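So the chains spell out like this:
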Number of protein chains: 2
Amino acid sequence: MKADALRGHLDPMILAVVEPEPLHGYAIMEALLERSGGELDLPTGTLYPALRRLERAGYLASEWSTVGGRKRRTYQLTSAGAKVLAAGKQEWLTFRTVVEGVLRPGEA
Amino acid sequence: MKADALRGHLDPMILAVVEPEPLHGYAIMEALLERSGGELDLPTGTLYPALRRLERAGYLASEWSTVGGRKRRTYQLTSAGAKVLAAGKQEWLTFRTVVEGVLRPGEA
DNA sequence: CCTCAATAAGTAGATCGGCTACATGTCGCC
DNA sequence: GGCGACATGTAGCCGATCTACTTATTGAGG
């Protein structure tokens, strides 16, 4: 999967995995990997800046903790983040309709 | 629809609209607009550079003509372009599976 | 004991595609 | 004459994602 296909779609995906329960960065990586069937293996240089961006935007809130001697920063969805996530899901449906309307992917 | 959501998805869409018949730039814009239900209104500053990029890459071939005093550059899909288009359609299906696996868009 | 993989979080800098804004010119209609 | 649709193009900005790097702890295996 090409790198820049992700552009603009990553944010809602991150918000989606922290929706059911707060997770720390590394766990978010693993959750994305699992939910995508192993396709979405984000480099840390993508994920961590993205998390900070989403926190600055007010869509995530973070808290430090220490588990087994390792420091974790756990992120949870804010109410603003929940709204953005819902909007993102709608936008995805629109985007999908647009692409498939143009691509007609059935026509191999 | 956010601007950079298009990243990496525009190329196959352009190739798709010239697949059935060669079209000139302006007609490609209109075709994309129509096939997308009015959602995909590309600025010329996006489309024309993209066309040149696709031609440089060998996926499109162009030819000038004049119709009603207006100069047109008509693009047609090359065989290399057809392969890339087919691959792009497959990649789209993968991408869609990944996003929906993570997003679970049904869960509003 | 030492090394290496996994866990955990981060930064600096490059890349590049789509964007805004601008430039050029024709045609047909009012 | 002027305006909107037709038609093509360039210059330069923006910013999300990437590569490559750094730091640090824990636990397993030799």
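You'll find the structure just up there.
Read on for an overview of the structure. (Residues numbered from 1 in each chain as written. Chains lettered and ligands numbered in written order. Predicted model: local features only at pLDDT ≥ 70, side-chain atom pairs only at ≥ 80, totals over all residues.)

Quick word on the overall build of chain A
Next up, step 1: Secondary structure assignment for chain A yields 4 helices and 3 strands.
Next up, step 2: Counting from the amino terminus, chain A carries its helices and strands in the arrangement α-β-α-α-β-β-α.
Next up, step 3: Viewed in the frame of its principal axes, chain A has a C-alpha envelope of about 55 × 30 × 20 Å.
Next up, step 4: In chain A, which comprises 108 residues, the share counted as buried stands at 32%.
Next up, step 5: The long-range fraction of contacts in chain A, counting pairs at least 24 apart against all pairs at least 6 apart in sequence, stands at 46%. (Helix = DSSP H or I, 4+ residues; strand = E, 2+ residues; numbered from the N terminus. Buried ≥ 20, exposed ≤ 12 C-beta atoms within 10 Å, placed from the backbone. Contact = placed C-beta atoms within 7 Å.)

Focus: the interface of chain A and chain B
The accessible area lost on association of the parts is a frequent measure of interface size.
Next up, step 1: Tallying the contact residues gives 33 residues for chain A and 33 residues for chain B.
Next up, step 2: Sorting the residues of the side of chain A that touches chain B by element identifies α1 (10-17), α2 (25-35) and α4 (79-103) of chain A as the ones contributing at least two each.
Next up, step 3: With 13 residues, the top contributor of residues to the side of chain A that touches chain B is α4 of chain A.
Next up, step 4: Among the residues forming the side of chain A that touches chain B, the class breakdown is 18 nonpolar, 6 polar and 9 charged. (Nonpolar A, V, L, I, M, F, W, Y, C, P; charged D, E, K, R; others polar.)

A look at the protein's contact with DNA strand D
Next up, step 1: Neighbouring DNA strand D are 31 residues; L10, G45, T46 and G69 of chain A together with G25 of chain B lie closest to it.
Next up, step 2: When grouped by side-chain class, the residues that make up the surface near DNA strand D number 12 nonpolar, 10 polar and 9 charged. (Near = placed C-beta within 6 Å.)

What to know about the sheet that holds strand β2 (residues 60-67) of chain B
All names here are of chain B.
Next up, step 1: Spatially, the 3 strands line up as an open sheet ordered β1-β3-β2, and their pairing is antiparallel. The outermost strands of the open sheet, each flanked by one partner alone, are β1 (23-24) and β2.
Next up, step 2: Two elements, β2 and strand β3 (residues 70-77), share 8 bridges in a ladder whose sense is antiparallel. Of the residues in β3, the one forming a bridge with W64 is R73.
Next up, step 3: Across the sheet, helix α3 (residues 44-56) is in contact with β2 and β3; its angle to β2 comes to roughly 130°. (Pairing = 2+ DSSP bridges. Axes fitted to C-alpha atoms, helices over the stretch in contact; angles between N-to-C directions.)

Some remarks on the pairing of strand β3 (residues 70-77) of chain A
Next up, step 1: The pairing of strand β1 (residues 23-24) of chain A with β3 of chain A spans 2 bridges and is classified as antiparallel. What sits directly across from L23 of chain A, in β3 of chain A, is Y75 of chain A.

Details of the protein's contact with DNA strand C
Next up, step 1: Close to DNA strand C lie 32 residues; G25 of chain A together with L10, G45, T46 and G69 of chain B are nearest.
Next up, step 2: Of all the secondary structure elements, the ones that give two or more residues to the surface near DNA strand C are α2, α3 (44-56) and β3 of chain A together with α3 of chain B.
Next up, step 3: Examining the composition of the surface near DNA strand C, we find that 6 residues originate from one element, α3 of chain B, more than from any other.
Next up, step 4: For the surface near DNA strand C, the residue count by class is 12 nonpolar, 10 polar and 10 charged.

Description of the packing of α1 of chain A against α4 of chain A
Residues and elements named next belong to chain A.
Next up, step 1: The N-to-C vectors of α1 and α4 enclose an angle of 125°; their axes lie 9 Å apart at closest approach. Viewed along their axes, α1 and α4 adopt a mutual orientation that is oblique. For α1 against α4, the interelement crossing comes out left-handed. Between α1 and α4, the residues in contact are D11, P12, L15 and A16 and G81, V84, L85, G88, K89 and W92, respectively.
Next up, step 2: Of the residues belonging to the contact of α1 with α4, the class tally is 6 nonpolar, 2 polar and 2 charged. (Parallel < 35°, antiparallel > 145°, perpendicular 65-115°, else oblique. Left-handed = near helix turned anticlockwise from the far one by under 90°.)

Notes on the relation of the copies chain A and chain B
Next up, step 1: With an axial shift of 0.0 Å and an RMSD of 0.0 Å, the rotation relating chain A to chain B amounts to 180°. The superposition operator between the copies reduces to a two-fold rotation axis. By C-alpha distance to the rotation axis, the residue of chain A lying nearest is R7 of chain A, at 3.0 Å.
Next up, step 2: The overlap is high: 100% of the interface residues of chain A also sit at the interface in chain B, so the same surface is used on both sides. (Least-squares fit on C-alpha atoms with pLDDT ≥ 70 in both.)

Description of the nonpolar core
Next up, step 1: Ranked by size, the top nonpolar core spans 50 residues in total, and within it V17 and V102 of chain A together with V17 and V102 of chain B carry the most contacts.
Next up, step 2: If near-sequence neighbours (up to four positions away) are discounted, V17 of chain B is found in contact with V102 of chain A together with L23, I28, A31, L32 and R35 of chain B. (Core = buried A, V, L, I, M, F, W, Y, C linked by C-beta atoms within 7 Å.)

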